[in-house]
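What follows is each chain in one-letter form.
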Amino acid sequence: MSRKTTVWALSVLTLLSLVVTACGGPAPTPQVIVQTAPPQVQTAVVTAPPAVQTVVVTLPPPAGPKTLRLNMGPGDIPTIDPALSTDTSSVQIVEETTVGLARQNEETASLEPGMAESWEFSPDGKKITFKVRQGVPWVRYNPLTKQVEKVVDEEGKDRIVTAKDFEYGILRTLDPKTASDYAYVLTTIIEGAADFNRGTITDTAKVGVKALDDWTLEVTLTDDAAGAAFVPNILGMWVAHAQPRWLIEERGDRWTETGFFQGYGPYTLKAWNHDADITLIKNPFWPGIPSVPQAKIEEITWTMLDESPAFAAYEAGELDVAGVPLSEIDRVKADPTLSKELKIGPVLCTYYYGFNVTKPPFDNPKVRLAFSLAVDRQSLIDNVTKGGQEPAQWFSRPGLTAAPTMETHPNLGVKYDPEQAKKLLDEVYPDRSKMPPITLMMNQVEGHIKIGEAIAKMWEEVLGVKVTIQTQEWRVYLKTLTEDPPQIWRLGWCQDYPDANNFLKEVFRSDSQQNHTKWANPEFDRLVDEAAKEKDEAKRRELYAQAEDILVRQDAAIIPIYWYTRVTVTKPYVQRTFSILGGLEHIEKWDITK
């Protein structure tokens, strides 16, 4: 969307008082006439009328609505339904149009109040109670009036977000009919949720989530989750946001479409042109709270372009923020203007390749480890990504609570070892011609392709194996990973909350819906389960280190490649925060100053 400015014409004002006091010059001298004729003496004072002067005043043009132009990446957003969202593009929209009970600070990852003013655990840690903020209305954008309007019920009363909407949202996410791929995060902490999600029970009263009244939500926790510090984080996630029951029951899957969508966050949906762009508009009825202030920018539009055309649009002044393509990083760093607009900083994400351990040749852990050891991560960073990333020796990014660090576990995991890689593969396939054809699959993004080409070249040079690269559009790719993962596939994992539990247990435990490897290890499951219950952080870190060793070296189910950084350029008139959450920005805190 182009930036719109309203220009006012010159204003012509006739200001009599202004003319007299400021523009009329000195007043005329009074004339005094004196007559001495017998009948009488008459005195008259005559003042010349002032001249009327017209003043032309030029007023500055009023500021037009502030609009922000961003890029989401190629391919349509899979969904903006909180219960169904699994990827960063979907969650970005959900987080701006709805607000969770709690909300992470995007710069520190610390937890802050959201729609809950406060929360507290029971003395035994088995229950957590949230006090829901009052007076926040549900809203929708009306395409006919071109205004954001409050949603009203059958009696014409404003629909206000209540604890019952949060109860419904959680139960809908858990309902097996919804088929939420992210329901598992709730099943691990809410009593009865796992059985309900599996269909073992159908009575929602047996699930440990209950609105005690309009402003009080009580959640009963599993024994393993009782008192766990990360529980409020999980219950603040998008899958536990309030959802509009009346609308979903009326519109079904189409409730998230343009003209139907209802939300209550700092923004709401204005238009979603599938495969092209999506626009959010400021919600004037969001009251603003310290963690989620009222938005300053009126509209946000995300295009759906690949990195290079998006960066070209940025240079042409058609986007306000853009990622820097790998091929442009050196030029941007050297450019006197672009280098000042460049920001490189850490984010809590890991870039990795996974194996489908059921498909040859990767049904053998020696082959998997050989491919991992053959990746020169530092060379990849120095010569391809060039964004200050860190070589990843394991999966859970340092900086997460209880995650191993290079200081505590410098020799954990995998490093580049071409000789050991070749030796391992020789033990299984001394004759490389006996290996089946190998495909590496990724979503259609040029940066991922360049990285894949570089790693494929390493495999060919070190192992003597040729690998074919195949790409798919993002939404199709996610479906492929769920239904039939290829031999090797690419993903990134960004924190949902800053704890190693979110990376290890919630992604690679044998029953996780995010585990596309088809790999399972009972000892790994035992370690991450024990770590989740352990209260001592040092003991948790050691348990996670043992789990990492199984994941990335003993069984080598994945290839950790690097720990992410953000590499973006931002126009100087955009005042913004820089999120470390990995693809999740809190744009309601941004402003445009031009």
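Structure: see above.
Residues numbered from 1 in each chain as written. Predicted model: local features only at pLDDT ≥ 70, side-chain atom pairs only at ≥ 80, totals over all residues. Heavy atoms only, no water.

A. A look at the pattern of salt bridges. Taken as a whole and judged by the stated rule, the model has 38 salt bridges. With a shortest N-O distance of 3.6 Å, Arg 159 and Glu 154 are connected by a salt bridge. A relative accessible area of 16% places Arg 159 in the buried class. Here Glu 315 ties to Arg 331 by a salt bridge, and the two come within 2.8 Å at their closest N and O atoms. (Salt bridge = Lys/Arg side-chain N within 4 Å of Asp/Glu carboxyl O. Buried < 20%, exposed > 50% of the residue type's maximum accessible area, 1.4 Å probe, protein only.)

B. Just the sheet that holds strand S13 (residues 216-220), in detail. An order of S8-S9-S13-S12 is seen for the four strands of this open sheet, with the pairing classed as antiparallel. A strand with exactly one partner marks an edge of an open sheet, and here the two such strands are strand S8 (116-121) and strand S12 (209-213). The average undirected angle you get between the axes of adjacent strands in this sheet is 20 degrees. Against the sheet, helix H3 (residues 163-174) contacts strand S9 (127-132), S12 and S13, and its axis sits at roughly 170 degrees relative to S12. (Pairing = 2+ DSSP bridges. Helix = DSSP H or I, 4+ residues; strand = E, 2+ residues; numbered from the N terminus. Axes fitted to C-alpha atoms, helices over the stretch in contact; angles between N-to-C directions. Contact = heavy atoms within 4.5 Å.)

C. Structural detail: the packing of aromatic side chains. Under the defined criterion, the tally for this structure stands at 26 aromatic pairs. Between Phe 362 and Phe 371 the ring centres are 5.0 Å apart and the planes differ by 85 degrees, which places this aromatic pair in the edge-to-face class. Note on Phe 362: relative accessible area 0%, which makes it buried. Following the ring pairs from residue to residue traces out a cluster consisting of Tyr 351, Tyr 353, Phe 355, Phe 362, Phe 371, Trp 459, Tyr 562 and Tyr 564. Over the face of the ring belonging to Trp 246 we find Arg 159, whose NZ or CZ atom lies 4.2 Å from the ring centre. A cation over a ring is seen here: Lys 343 above Phe 578, with NZ or CZ 5.2 Å from the ring centre. (Phe/Tyr/Trp six-rings, centres within 6.5 Å; stacked < 30°, edge-to-face > 60°. Lys NZ or Arg CZ within 6 Å of the ring centre and 35° of its normal.)

D. Representation of the pairing of strand S23 (residues 558-570) in the model. Summarising burial for S23: 13 of the 13 residues are buried, a large majority. Alignment of strand S18 (residues 342-355) against S23, held across ten bridges, turns out to be antiparallel. Bridge pairing in S23 links Tyr 353 to Ile 559. Sheet topology note: the strand S19 (residues 390-391)/S23 ladder contains two bridges and is antiparallel. Bridge pairing links Glu 390 to Trp 563 in S23.

E. Structural view of the packing of helix H18 (residues 522-533) against helix H19 (residues 537-554). In the contact formed by H18 and H19, the axes pass within 9 Å of each other and the chain directions differ by 160 degrees. When the interaxial angle is binned, H18 and H19 end up roughly antiparallel. The handedness of the crossing between H18 and H19 comes out as left-handed. Seen from H18, the contacting residues are Glu 523, Phe 524, Leu 527, Val 528, Glu 530, Ala 531 and Ala 532; seen from H19, they are Arg 540, Leu 543, Tyr 544, Gln 546, Ala 547, Ile 550 and Leu 551. Tallied by class, residues from the contact of H18 with H19 come to ten nonpolar, one polar and three charged. (Parallel < 35°, antiparallel > 145°, perpendicular 65-115°, else oblique. Left-handed = near helix turned anticlockwise from the far one by under 90°. Nonpolar A, V, L, I, M, F, W, Y, C, P; charged D, E, K, R; others polar.)

F. Spotlight on helix H12 (residues 377-385). For H12, every residue scored as buried is listed here: Arg 377, Leu 380, Ile 381, Val 384 and Thr 385. The arc that holds the buried residues of H12, viewed along the axis, is 110 degrees, so those residues lie on one side. Buried residues in H12 make contact with helix H9 (329-334), helix H11 (365-373), S19, helix H14 (446-463) and S23. Of the residues trailing H12, Lys 386 is marked for its positive phi of about 55 degrees. (Arc of directions from axis to C-beta.)

G. Molecular detail of unusual backbone geometry. Of note, the bond from Pro 360 into Pro 361 is cis; its omega dihedral lies within 30 degrees of zero at 5 degrees. In this fold, Pro 361 is placed in the loop between S18 and H11. One non-glycine residue, Ala 109, adopts positive backbone phi at about 70 degrees. In this structure, Ala 109 sits in the loop between strand S6 (102-104) and strand S7 (111-113). Phi is positive for Ala 402, close to 70 degrees, though the residue is something other than glycine. Summarising the element assignment, Ala 402 is placed in the loop between S19 and helix H13 (418-428). A residue is classified by how much of its surface remains accessible, and Ala 402, at 0% relative accessible area, is buried.

H. Broad picture of the nonpolar core. With 144 residues, the main nonpolar core has Leu 186, Tyr 353, Phe 371, Phe 395, Trp 459, Leu 463 and Leu 551 as its most contacted residues. At nine residues, the largest contribution of residues to this core is made by H14. Residues Ile 248, Trp 255, Tyr 267 and Ile 297 belong to the second largest nonpolar core, which totals 26 residues. (Core = buried A, V, L, I, M, F, W, Y, C linked by side-chain atoms within 4.5 Å.)

I. Quick peek at the pairing of S12. Pairing of S12 with S13, which is carried by four bridges, proceeds in the antiparallel orientation. Across the sheet, residue Lys 210 finds its bridge partner in S13, namely Glu 218. Hairpin connection of S12 to S13: two residues between the antiparallel strands.

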